[in-house]
Amino acid sequence: MRRALFLLILLIPCLAWGYQDHRGRNLDSLERVAARYTPDRLATASAEEKEAYARLCRELAWGLINLDGPKTVYYARQAIQAARADDFDTVYDMSILIGQCYWSQERYDSARVHYMRAQDSMLALEAQGDTLDLDSRKARLWGTLGNFYAMQDSLDQCMFYYGKAGEIFERQGWLEDCSTLYRNMGEIYLDGGEMRKSRQAYDKSLDLARRSGDSLMIAGTLSGLGRWYRENGQTRKALKCLTEADEYFSDHPREESVGRADTLALMSESYRLMSRNSRLLAIGLAALLLLGVSALLVYLRLRKTRQDLTETAAVLDETIEEMRPAPGRKEDDIQLTQREKDIIRLLMGGKSTKQIADELCLGYETVLWYRKRLHAKLDVHSAPELVAEAVKRHLLD
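Residues numbered from 1 in each chain as written. Predicted model: local features only at pLDDT ≥ 70, side-chain atom pairs only at ≥ 80, totals over all residues. Heavy atoms only, no water.

Asks: How should I be thinking about the overall build of the protein in this particular structure?
Replies: From N to C terminus, the protein includes 18 helices and zero strands. For the protein, buried positions account for 39% of its 397 residues. Contacts spanning at least 24 positions in sequence make up 54% of the contacts within the protein whose residues lie at least 6 apart. For the protein, the accessible area works out to roughly 24000 Å², and carbon and sulfur atoms hold 55% of it. (Helix = DSSP H or I, 4+ residues; strand = E, 2+ residues; numbered from the N terminus. Buried < 20%, exposed > 50% of the residue type's maximum accessible area, 1.4 Å probe, protein only. Contact = heavy atoms within 4.5 Å. Areas by Shrake-Rupley, 256 points an atom, 1.4 Å probe, with all protein chains shown as cover.)

Put into structure tokens, the structure is as follows:
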């Protein structure tokens, strides 16, 4: 990657060879003209010649801004030196270009110095009463400074200058520029973790974009909103915004390759997050279900154990009670417990052992044990004999 970048830098002079500026004039021919203005010639040049040279240097600086940073700075400085003392427009314009060159070289202090110089020149233009495109100049400078401080992570300074630019955009009704500005603010707040302010900025940007009717502006803001929803874990809403943004990008074939690629990348990431969240949710639900089943089984087991313990305690109490000799009771007297009486009455009603167990909330084996004990007490061998013997002896009274 670094080798490719180095080769690209080497090719820059070749690219500049055939570069045409916005008026179709070849930069090489302009440089040849500028070379004629030697220091000696400039020292004796008239005011008109110096002004022409300043205009020439401005054109060269603008033409070389994306091709050759050092040359851009050189011609921008030459334009400032050759300009009239009251030509604050040239100082303003060229100072911003120099600041951008230093910014790209990460010479931030130098860039800030020239941006402040551009600001002083703009204020001087305002003092001169030159209101021609003054709002445009201000908006350009405030927006540039906002971007500059955003790169410096100076959020307060960034938003201060963005706010000043936004006031001009809204006053002039430049909806597209205003939408872009608020979208930048939304991205900066989102990167800074200020989600509420980020959402407010994105909503404002989307409203301005829809009012402007520019589908590319709408698509860009929807893409940003999709990112906001994704960062907040609202994947479905993110995908809805990103899908709508992709539809808007289709109206702009030239910008589609970049904007749509970014949007599709966000959509892919959102789908991946949704898939991961679905898997985690399924695993969580399965674990919760397993835990619930386990808890139910433990509860039923404990309930059965408690029931068995209760029945065992009742049987032991009855056995102990029977072992105690009652005063005045003869040995051949037979006494039945209340539980035994209940079982006989249910047998009289035709209930089976299982039905008796369910009705008395006893275990099946416990009811069988009671029946065997009753058979032994009354010396019988079947349920009908048991019932008949109990009635005969008036044991149920």
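Asks: Looking at this structure, how should I read the side chain of H375?
Replies: With respect to the helices and strands, H375 occurs in helix α17 (residues 364-378). Leaving out residues up to four positions away in the same chain, H375 has contacts with V380, H381, S382, A383 and L386.

Asks: Is there a simple way to explain helix α11 (residues 195-212) in this structure?
Replies: Since the α-helix advances by 3.6 residues per turn, residues separated by three or four positions end up pointing in the same direction. Given a rise of 1.5 Å per residue, 18 residues ought to cover 26 Å, and the 26 Å separating the end C-alpha atoms of α11 matches this to within 8%. S198, A201, Y202, S205, L206, L208 and A209 are the residues of α11 that are buried. For α11, the angular spread of the buried residues around the axis is 165 degrees, confining them to a single face. Turned more than 90 degrees off the buried face of α11, the exposed positions are R196 and R211. Packing partners of the buried residues in α11 comprise α10 (175-191) and α12 (215-231). One or two steps after α11, the chain reaches G213, where phi turns positive at roughly 80 degrees. (Expected span 1.5 Å × (residues − 1). Arc of directions from axis to C-beta.)

Asks: What exactly am I supposed to notice about helix α6 (residues 88-104) here?
Replies: In this model α6 runs 24 Å from its N-terminal to its C-terminal C-alpha over 17 residues, within 8% of the 24 Å that 1.5 Å per residue would give. Positive backbone phi, approximately 65 degrees, marks E106, located one or two places after α6.

Asks: Looking at this structure, I do not really get the packing of aromatic side chains. What am I missing?
Replies: One pass over the full model with this rule turns up 13 aromatic pairs. Centroid distance F160 to Y161: 5.0 Å. Interplanar angle 75 degrees. Geometry classified as edge-to-face. Here Y161 falls in the buried class, since its relative accessible area comes to 8%. Among the aromatic residues, ring-to-ring pairing joins W103, Y108, Y115, W142, F148, Y149, F160 and Y161 into one connected group. Here K164 stacks its cationic end above the ring of W142, 4.6 Å away from the centre of that ring. (Phe/Tyr/Trp six-rings, centres within 6.5 Å; stacked < 30°, edge-to-face > 60°. Lys NZ or Arg CZ within 6 Å of the ring centre and 35° of its normal.)

Asks: Whenever I open this one, the packing of helix α15 (residues 338-348) against helix α16 (residues 353-360) confuses me. Can you help?
Replies: Any two packed helices are characterised by the angle at which their axes cross and by the distance between the axes. The geometry of α15 relative to α16 is characterised by a closest axis approach of 10 Å and an angle of 130 degrees between their N-to-C directions. Taken together, the axes of α15 and α16 are oblique relative to one another. As for how α15 packs across α16, the hand of that crossing is right-handed. Residues R339, D342, I343, L346 and L347 of α15 touch α16, and the partners they reach there are I356, E359 and L360. (Axes fitted to C-alpha atoms, helices over the stretch in contact; angles between N-to-C directions. Parallel < 35°, antiparallel > 145°, perpendicular 65-115°, else oblique. Left-handed = near helix turned anticlockwise from the far one by under 90°.)

Asks: Would you mind going over the environment of C178 with me for this structure?
Replies: Tracing the chain through its elements places C178 in helix α10. Distance from C178 to S205, taken between C-alpha atoms, is 7.3 Å for residues 27 residues apart in sequence. Other than its neighbours up to four places away in sequence, C178 contacts G166, F169, E170 and L208.

Asks: Would you mind going over the side chain of D135 with me for this structure?
Replies: Assignment of secondary structure puts D135 in helix α8 (residues 134-151). When neighbours within four sequence positions are excluded, D135 is seen to be in contact with I168, R171, Q172 and W174.

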